[in-house]
Amino acid sequence: VISGQPHVGHGIYLDMDEIELLMPFEVRRKFQERGGDKTPAIQWLLTELEGDYDIIAPHFAPWLPEAKNASTFFKSHANARPLRGVCRHKAAVLSSVLHHYGIPNEVHYGPRRDTGELHAWVELEKGTLVADPTSGTLQPTQEQRALYEDGGNRATHPAWWFLNFKY
């Protein structure tokens, strides 16, 4: 199930063959064509990943969830995880799928301005557009920054060394 697949962080492995089977033909075609507006295809990914759910398996220590395929985070997967992950898991999956199709992006994180709760999202188009797989939104970066402080990208987060650990 996991062998030979790229690790995207958080014990998640990118099974693009399975993800592409979930994609409607038009979405797959949009991602595969050179140039053009990828917004409808990105929006499909966001709709599939939308929601915020706990992912920790009860039989593992809370800091070490089980290894899993990225496709099981998608709503339309036949074996979709009942608890399909939180923002950092979904941002890692979304970022990896976008990178697979050659779409530059970075995972960013920051605390919510009103509660301080940490959140992760994906920035596209040189930081001008935010794809938030938890809320399912694609919006200008300034709208995201009105809600969240930008703490930087995953390379600068002090805990990313642990979050990228392979289980």
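Just so it is clear, the structure is predicted and the values come from calculations on it, not from any experiment. (Residues numbered from 1 in each chain as written. Predicted model: local features only at pLDDT ≥ 70, side-chain atom pairs only at ≥ 80, totals over all residues. Heavy atoms only, no water.)

The next point concerns the overall build of the protein. On a plain count of helices and strands, the protein comes out with six helices and eight strands. The secondary structure elements of the protein, listed N-terminal to C-terminal, are β-β-α-α-α-β-α-β-β-β-β-α-β-α. Out of the 167 residues in the protein, the part that is buried amounts to 50%. In the structure as shown, the protein presents an accessible area of about 8,400 Å², 56% of it carried by carbon and sulfur atoms. (Helix = DSSP H or I, 4+ residues; strand = E, 2+ residues; numbered from the N terminus. Buried < 20%, exposed > 50% of the residue type's maximum accessible area, 1.4 Å probe, protein only. Areas by Shrake-Rupley, 256 points an atom, 1.4 Å probe, with all protein chains shown as cover.)

So, about the pairing of strand β4 (residues 105–111). Across the seven residues that make up β4, a large majority, five, are buried. Relative to strand β5 (residues 118–124), β4 runs antiparallel, the two being bridged by seven bridges. Following the sheet pairing, P111 is matched in β5 by L118. With antiparallel pairing between neighbouring strands as the criterion, β4 and β5 make up a hairpin whose turn holds six residues, including G116 at a positive phi of roughly 85°. (Pairing = 2+ DSSP bridges.)

This part takes up the sheet that holds strand β2 (residues 12–13). Adjacent strands of a sheet form backbone hydrogen bonds with each other and so pair up, either parallel or antiparallel. Ordered by their spatial adjacency, three strands build an open sheet running β1-β2-β3, and the pairing between neighbours is mixed. Looking at the sheet topology across the chains shown, the edges are occupied by β1 (7–9) and β3 (68–69). Bridge analysis of β2 against β3 gives two bridges, and the strand direction is parallel. Among the inter-strand pairings, Y13 is bridged to a residue of β3, identified as N69.

Quick look at the packing of helix α2 (residues 25–32) against helix α3 (residues 39–49) now. For any two helices packed against each other, one specifies the crossing angle of their axes together with the interaxial distance. Put simply, α2 and α3 touch, their axes get as near as 8 Å, and they point 125° apart. The pairing of α2 with α3 is recorded here as oblique in orientation. Between α2 and α3 lies a crossing whose hand is left-handed. Only A41, I42, W44 and L45 of α3 make contact with α2, whose side of the interface consists of V27, K30 and F31. (Axes fitted to C-alpha atoms, helices over the stretch in contact; angles between N-to-C directions. Parallel < 35°, antiparallel > 145°, perpendicular 65-115°, else oblique. Left-handed = near helix turned anticlockwise from the far one by under 90°. Contact = heavy atoms within 4.5 Å.)

Here we take up α3. Listing the buried residues of α3 in full gives A41, I42, W44, L45, L46, E48 and L49. Buried positions along α3 lie against α1 (16–22), α2, α4 (87–100), β5, β6 (129–132) and β7 (137–140). Just downstream of α3, G51 is the residue with a positive phi angle, here 115°.

Take the pattern of salt bridges next. Taken as a whole, this structure holds five salt bridges when the rule is applied. In this structure, R29 and E33 form a salt bridge, with 3.8 Å as the shortest nitrogen-oxygen distance. Given the relative accessible area of 40%, R29 is considered partly exposed. Of the residues examined, E33 reaches a relative accessible area of 25% and is grouped as partly exposed. (Salt bridge = Lys/Arg side-chain N within 4 Å of Asp/Glu carboxyl O.)

What follows concerns the packing of aromatic side chains. Tallied over the entire structure, the rule returns three aromatic pairs. Measuring from ring centre to ring centre gives 4.5 Å for F31 and Y101, while their planes differ by 5°; the resulting arrangement is stacked. One end of the pair, F31, is in helix α2; the other, Y101, is in the loop between α4 and β4, with 70 residues separating them in the sequence. Judged by relative accessible area, F31 falls into the buried class, the value being 3%. Centroid distance W121 to Y148: 5.6 Å. Interplanar angle 40°. Geometry classified as tilted. Remark: Y148 occurs in the loop between α5 (141–147) and β8 (152–153) and W121 occurs in strand β5; sequence separation between them is 27 residues. (Phe/Tyr/Trp six-rings, centres within 6.5 Å; stacked < 30°, edge-to-face > 60°.)

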